[in-house]
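Structural overview for review
Residue-level listing of the chains:
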Amino acid sequence: MYHLVMVQSFKKKLASWKGRHLSFGGRITLINSVLSSLPVFLMSVYLIPKGILLSIDKIRKSFLWGGGGDERKINWVKWEKICKRKEEGGLGVKDLRKFNLALMGKWWGRLAENKEGLWKNVVKERYGEGENHWLDWVKGNRGVGSIWWRDVCRLDYLEGERGGWLTEGFRVRMGEGKRLSFWWDHWCGEGCLANRFPRLYLLSTGKENKCYQMGNASNGSWKWNLKWRRNLYEWEAAEAMELQKMIEDEKISEGDPDRWEWTHDKRGQYSTKTAYSLLSLEQGEVNEAKTFKRIWNPSLPSKISAFSWQLLLDRIPTKANLLRRGVIKDATEAKCALCNEEEEDSTYLFLNCKIARWVWMACSKWWGTNITVNRDCWNTFQLIGKGTKGSNIREGMDCMWKTVVWSVWIARNQKIFHNKEDKEINPGKLFELIQMRSFLWIKAKKDRYAFNLTDWLINPAQCLKSTVGS
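Please read these numbers as outputs of a predicted model, since none were measured by experiment.

Looking at the packing of aromatic side chains
Tallying each qualifying case throughout the model produces 26 aromatic pairs. Considering the side-chain rings of F24 and W309, the 6.4 Å spacing of their centres and the 15° angle between planes classify their relative orientation as stacked. Of this pair, F24 sits in helix α2 (residues 24-35) while W309 sits in helix α17 (residues 302-312), and the two are 285 residues apart along the sequence. With respect to burial, F24 and W309 carry one shared label: buried. Ring centres of F381 and W401 lie 4.6 Å apart, and the angle between their planes is 55°; this geometry places the pair in the tilted category. Within this pair, whereas F381 is found in helix α21 (residues 377-383), its partner W401 is found in helix α22 (residues 391-417), the two being separated by 20 residues in sequence. Accessibility assignment for this pair places F381 and W401 in one class, buried. Here a set of aromatic residues connected by ring pairs shows up, and it is made of W358, W366, W367, F431, F439, F451 and W456. Between R196 and the ring centre of F197, over which it is positioned, the NZ or CZ distance is 4.7 Å. Sitting above the plane of the F451 ring, K443 keeps its charged end 5.3 Å from the centroid.

Here it is as structure tokens:
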């Protein structure tokens, strides 16, 4: 029942909004700030069924792309891509499944704390306490108890997720070592020692020993004393020396309790943010991450950054893309709206069309630099500002690039949708609009800039170079 309430709350919230009246950037902001936060309480207590999460994602997708109710719009980018971080080419929209797991993981974090609490005492009385510590207790209760407790116990191993992500994330800061398994608990290095040194584990005489049983205190200091079933071969002895070196700084401290820490946080405390980042972790190319990071510069309105993101992915409704998706049926209808000469794909419209080429040449003279119009929009953006000195100038040239593509897109749409098909686009007036827009946007976001419009129209690079903090 509570699942249906969650879906209804989403629909009710969206009913008061009109996605088609908001810019794409505005819809992204609403999804990130409001829609992804509505189910937080329930997702902190229960694992939400995948079917319910799919229903919620369907609502979010429909709102993002401007649909509503029974109206369907083209989903230009896969939802999995949208849920990636902005540096990875996504929009930073929360993946609700991973967010649900990260929120539920807080119960593991609270169990790991040495603090006592009423709820913890109740759970101990109801399900018993682990032989060694709380982690054994959780692992031993999978499939047992209430829905909530079963969900908590199986968080670490769920179909389709990273197995062991919670177990591997916790480690012990050793105290007296009386409840810690030397070989199987994560107290030194990455993971447990039995997995790190499987051969030595097989040869150990103390496979089930606790840490305090694997050495002794001598003259007030702790010394490890590892024993083997037989003499070690040379390669085994080398591994034993590596193990000894790894653990030599770890000491038993009598009277101090063992403390569990979350390894992905500097303070050692579990947090939803670090857990979600862990579940979402993907290794992308460095250059690609830098490029996407430049797209989301806060100097410009969010709709401009969002459009630039779609353009770099080639996921905007150019006529070529509409033809490919069957929206336009005849290839003769897919000619460039600005010049009516070639098929309108993103590369031609923004780089190779005679109107776009004139604008890029004018921008090169305006900025006093050679702007290389490369084989596609992605490479052209990567080369913008390359070799220039000063972060302000690079940021300004990024702003110029985004302003150009946005202005070309607006001019194209006006010609198509505002009955201006017979009118030629004046590239000179388009260039003047680009100059004015870039000036207003930069001045609106950067209060420290003291130059005026006249200075900007004459030499924008000098305006940015002379700014304090450049």
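Now that the structure has been shown, we can carry on.
Details of the packing of α17 against α22
For any two helices packed against each other, one specifies the inter-axial angle together with the distance between the axes. Closest axis-to-axis distance for the α17/α22 pair is 10 Å, and the angle between their directions is 85°. When the interaxial angle is binned, α17 and α22 end up roughly perpendicular. Here α17 contributes K303, I304, F307, S308, L311 and L312 to the contact with α22, which in turn contributes W401, K402, V405, W406 and W409. In terms of residue class, the contact of α17 with α22 is built from eight nonpolar, one polar and two charged.

Quick look at the confidence of the model for the protein chain
Any segment with low pLDDT has predicted coordinates that should not be analysed in fine detail. Looking at the protein chain as a whole, its pLDDT mean stands at 83, while 87% of the residues score no less than 70. Mean pLDDT across the elements of the protein chain ranges from a minimum in helix α9 (residues 134-139), with 64, to a maximum in helix α19 (residues 346-352), with 94.

About the criteria used
Residues numbered from 1 in each chain as written. Predicted model: local features only at pLDDT ≥ 70, side-chain atom pairs only at ≥ 80, totals over all residues. Heavy atoms only, no water. Phe/Tyr/Trp six-rings, centres within 6.5 Å; stacked < 30°, edge-to-face > 60°. Helix = DSSP H or I, 4+ residues; strand = E, 2+ residues; numbered from the N terminus. Buried < 20%, exposed > 50% of the residue type's maximum accessible area, 1.4 Å probe, protein only. Lys NZ or Arg CZ within 6 Å of the ring centre and 35° of its normal. Axes fitted to C-alpha atoms, helices over the stretch in contact; angles between N-to-C directions. Parallel < 35°, antiparallel > 145°, perpendicular 65-115°, else oblique. Contact = heavy atoms within 4.5 Å. Nonpolar A, V, L, I, M, F, W, Y, C, P; charged D, E, K, R; others polar. pLDDT = per-residue confidence, 0-100.

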